[in-house]
Amino acid sequence: MAAKTPPAILDVDGEEVRISSPDKVVFPEPGITKLDLVEYYLAVADGALRGAGGRPMVLKRFPRGIDAEPFFQKRVPENHPAFIDTATLHYASGTSAEEAVIRNPAGLAWIVNLGCLDLNPHPVRAEDLDHPDELRIDLDPMPGVEWSQIVDVALVAREVLDDVGLVGWPKTSGSRGLHILVRIAPEWDYKQVRLAAETLAREVENRAPGLATARWWKEERGESVFVDFNQNAKDRTVASAYSVRPRPDARVSAPLSWDEVRTALPETFTVPTMITRYAEIGDPHAGIDEAVGSLDGLLRLADELGPAEKPPRGGDGSGRRQSTMPLIEVARTKTKPEAVEALETWKAHHSGVAAQLHPADVMIDGMRGSSSLWYRVRVNLQHVAEGERPPQEDLIADYDPWAGKVWPKAER
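Computed from a predicted structure; not experimentally measured.

Here is what the cut-offs are and how they apply
- One numbering rule holds for all chains: residues counted from 1, following each sequence as written.
- In keeping with the model being predicted, local features are shown solely for residues with a pLDDT of at least 70 and side-chain atom pairs are shown and tallied solely at 80 or more, while totals for entire chains, interfaces and linings include all residues.
- To obtain the side-chain values, all non-hydrogen atoms of the structure were used and water was disregarded.
- Every helix listed is a DSSP run of H or I at least four residues long, and every strand listed is a run of E at least two residues long, numbered separately from the N terminus.
- The classification of residues rests on relative accessible area computed with a 1.4 Å probe and restricted to protein chains. Under 20% of the type maximum is buried, over 50% is exposed, and intermediate values are partly exposed.
- Whenever two N or O atoms come within 3.5 Å, that pair is a polar contact, provided that in protein one can donate a hydrogen and the other can accept it, and provided that, for residues adjacent in sequence, both atoms are side-chain atoms.
- Residues are treated as being in contact if the distance between any of their heavy atoms lies within 4.5 Å.
- Following DSSP output, two strands are said to pair if at least two bridges run between them.
- For helices, the axis comes from a line fit to the C-alpha atoms of the stretch in contact; other axes are also lines fit to C-alpha atoms, and the angle between any two N-to-C directions lies between 0 and 180 degrees.
- Our arc is simply the arc of the directions from the helix axis toward the C-beta atoms.
- Cavities and pockets are found on a 1 Å grid laid over the protein atoms alone: a cavity is a set of points where a 1.4 Å probe fits but cannot escape, a pocket is an open set with protein on both sides within 12 Å along at least five of seven lines, and a lining residue has an atom within 4 Å of such a point.
- Grid points are joined across faces, edges and corners, and a volume is the space filled by probe spheres set on the points.
- Asp, Glu, Lys and Arg are counted as charged, while Ala, Val, Leu, Ile, Met, Phe, Trp, Tyr, Cys and Pro are counted as nonpolar; the rest, among them Gly, fall into the polar class.
- For this classification, under 35 degrees means roughly parallel, over 145 means roughly antiparallel, 65 to 115 means roughly perpendicular, and everything else is oblique.
- Working rule for handedness: look at the near helix, and if it is turned counterclockwise from the far one by less than a right angle, call the crossing left-handed; if clockwise, right-handed.
- Surface patches are drawn from residues lacking salt bridges whose relative accessible area is over 30%; two like charges belong together within 9 Å, two nonpolar side chains (Val, Leu, Ile, Met, Phe, Trp, Tyr) within 5 Å.
- All accessible areas in this document rest on Shrake-Rupley with a 1.4 Å probe, and a residue is counted as covered only by the protein chains that are shown.
- Definition used for salt bridges: Asp or Glu carboxyl oxygen within 4 Å of a side-chain nitrogen of Lys or Arg.
- When charges are tallied, Lys and Arg are placed among the positive residues and Asp and Glu among the negative ones, while His and the ends of the chain are skipped.
- Just so you know, the charge point we use is NZ for Lys, CZ for Arg, CG for Asp and CD for Glu.

(A) Structural detail: the side chain of Arg251. Residue position: Arg251 is located in the loop between strand S14 (225-228) and helix H6 (258-261). On the accessibility criterion, Arg251 (10% relative accessible area) is buried. Side chain to side chain, Arg251 and Asp249 meet in a polar contact 3.0 Å long.

Here's what the structure looks like:
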């Protein structure tokens, strides 16, 4: 058995940070180690802290590598160092958690040592947990959508922001989509910020019908870009600027100038290339904190548009939303590979039906469990002739993410 590599002890601006297993390979394809990731975050520290510093964050940890599911840790470890601040957040479920708040490069190194790749801060500052100072626009493409369509929708979103007196700062998500960040004065609560984001999404859909959608229900979106306003709901977090994402090529969430949006491609921004880019041009979002705006324009537009259309409710007394699409559920699984395998099994059993599906008709959704993701597989049969649609069958896999969980007793 090979001897265990001793930890690396770093002096980060006068703070001592211990990095365990520094030569552990995190990204096998480019050969990036844990210490390489620490050095990456230190190289882009000013930009990364501009996005995540001073904000409570959920720790998304990958202790078993990028090919295994991460787990989400809201509570800061009890033995955290003195240079890690904390803030106590109260959740809609009635629970609370003392979460980590990083403010300096040493905090970035400490986060990486815990097995975190991306940074997932809340849109509030630790000093005011009830009033977001950031509106987040998440452009999430449905399957079959090309990058050029995402760019077109981003430019429409920029026009809407300009019309209501706001400045957007674009960045690649590090996955398939684009994010646009908007600094706002911390004068509105979560409900108002979410309404403003939903209004922006509806207006983008109005201006780019067929290209963009504000429909919350996935099966109703078609091959369009979903303007995900619900990322502004309380308890939601988004990977912030310069975050490393769990992709084989060590892709990162790259801040862009608007001049770059049309030509930039997400796959060109990786840990090695971002270190070079940052050294050459600095942070394209360097001015974001000076571009603070008001939500008044979007909230006035919300009044003009009126309430958003709500989905019909089922007639069984449950109060649950009733889909207008012919949906069947295929499987519920613990991991994404298991979900893909279940889908392929279903397709093999229904090959004629599978041949008629459009890319956006197949939905593998990552669902947030108590501390990790689980996956739901559904198929929309809207493009299959009614007489050829298979009925709902027993699930190929039926994973229960809540099995064994003990729920806290409600206080009387």
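Still to come is the rest of the account.
(B) A look at the side chain of Thr333. Topologically, Thr333 is positioned in strand S15 (residues 327-333). Take Thr333: its relative accessible area is 2%, and that puts it in the buried class. Of the polar contacts made by the side chain of Thr333, one reaches the backbone nitrogen of Ala339; its length is 3.4 Å. Setting aside anything within four residues of it in sequence, one finds Thr333 in contact with Glu338, Ala339, Trp374, Tyr375, Ala397 and Tyr399.

(C) Focus on the pairing of strand S5 (residues 56-61). A large share of S5 lies buried, amounting to 6 of its 6 residues. Relative to strand S8 (residues 96-101), S5 runs antiparallel, the two being bridged by 2 bridges. By the bridge assignment, Pro56 is partnered in S8 with Val101. Relative to strand S9 (residues 120-121), S5 runs antiparallel, the two being bridged by 2 bridges. When the bridges of S9 are listed, Val58 appears paired with Asn120. Note: S5 against strand S6 (residues 71-73), 3 bridges, orientation antiparallel. Bridge pairing in S6 places Arg61 opposite Phe71.

(D) The sheet that holds S14, seen in detail. Read across the sheet, 5 strands follow the order S11-S12-S10-S14-S13 without closing on themselves; strand pairing throughout is mixed. Of all strands in the sheet, those bounded by a partner on one side alone are strand S11 (169-172) and strand S13 (212-213). Pairing geometry for strand S10 (residues 134-141) and S14, over 4 bridges, is antiparallel. Its bridge partner being in S14, Asp138 is matched across the sheet by Asp228. Along the sheet, helix H4 (residues 147-163) makes contact with S10, S11, strand S12 (178-183), S13 and S14, crossing S12 at roughly 15°. Docked against the sheet, helix H5 (residues 190-207) engages S10, S13 and S14, running at close to 40° with respect to S10.

(E) Local environment of helix H7 (residues 271-281). Those residues of H7 that fall on the buried side of the exposure criterion are Val271, Met274, Arg277 and Tyr278. Projected onto a plane normal to the axis of H7, the buried residues spread over an arc of 120° and lie on a single side. The outward face of H7, more than 90 degrees from its buried face, is lined by the exposed residues Ala279 and Glu280. Against strand S4 (32-33), helix H1 (34-43), helix H2 (45-52) and H6 lie the buried residues of H7. Gly282 lies just past H7 and shows a positive phi near 75°.

(F) Summary view of empty space enclosed by the protein. Counted under the stated rule, the structure contains 5 cavities of 30 Å³ or more. Roughly 60 Å³ of volume is contained in the largest cavity. What lines the largest cavity is simply Gly51, Pro121, Glu134, Arg136, Lys171, His179, Leu181, Val238, Ala239, Ser240 and Ala241. Those elements that place two or more of their residues in the lining of the largest cavity are S10 and S12. Of the residues that constitute the lining of the largest cavity, the class distribution is 5 nonpolar, 3 polar and 3 charged.

(G) Quick peek at the packing of H1 against helix H3 (residues 105-113). Direction vectors running N to C along H1 and H3 enclose 155°, while the axes themselves pass 9 Å from each other. Here H3 runs roughly antiparallel to H1, going by the angle between their axes. H1 and H3 meet at a crossing whose hand is right-handed. The segment H1 lies against H3, with Lys34, Leu37, Val38, Tyr41 and Leu42 engaging Pro105, Leu108, Ala109, Val112 and Asn113. Split by residue class, the contact of H1 with H3 holds 8 nonpolar, 1 polar and 1 charged.

(H) Representation of a negative patch on the surface in the model. There is a patch of like negative charges on the surface, built from Asp11, Asp13, Glu15 and Glu16. In this fold, Asp11 is placed in strand S1 (residues 8-12). Residue classification places Asp11 among the exposed residues on the basis of a relative accessible area of 64%.

(I) Structural view of the environment of Thr213. For Thr213, the position within the fold is in strand S13. Between the alpha carbons of Thr213 and Ala201 there is a distance of 7.3 Å; along the sequence they are 12 residues apart. Each residue touching Thr213, except ones within four places of it in the same chain, is listed here: Glu205, Arg221, Ser224, Val225, Phe226 and Val227. A distance of 3.0 Å separates a polar atom in the side chain of Thr213 from the backbone nitrogen of Arg215.

(J) Region of the structure containing unusual backbone geometry. For Asp13, which is not glycine, the phi dihedral falls at a positive 50°. Looking at the element boundaries, Asp13 is found in the loop between S1 and strand S2 (15-19). You will see that Asp235, though not glycine, has its phi angle at about 85°, which is positive. Tracing the backbone through its elements, the reader meets Asp235 in the loop between S14 and H6.

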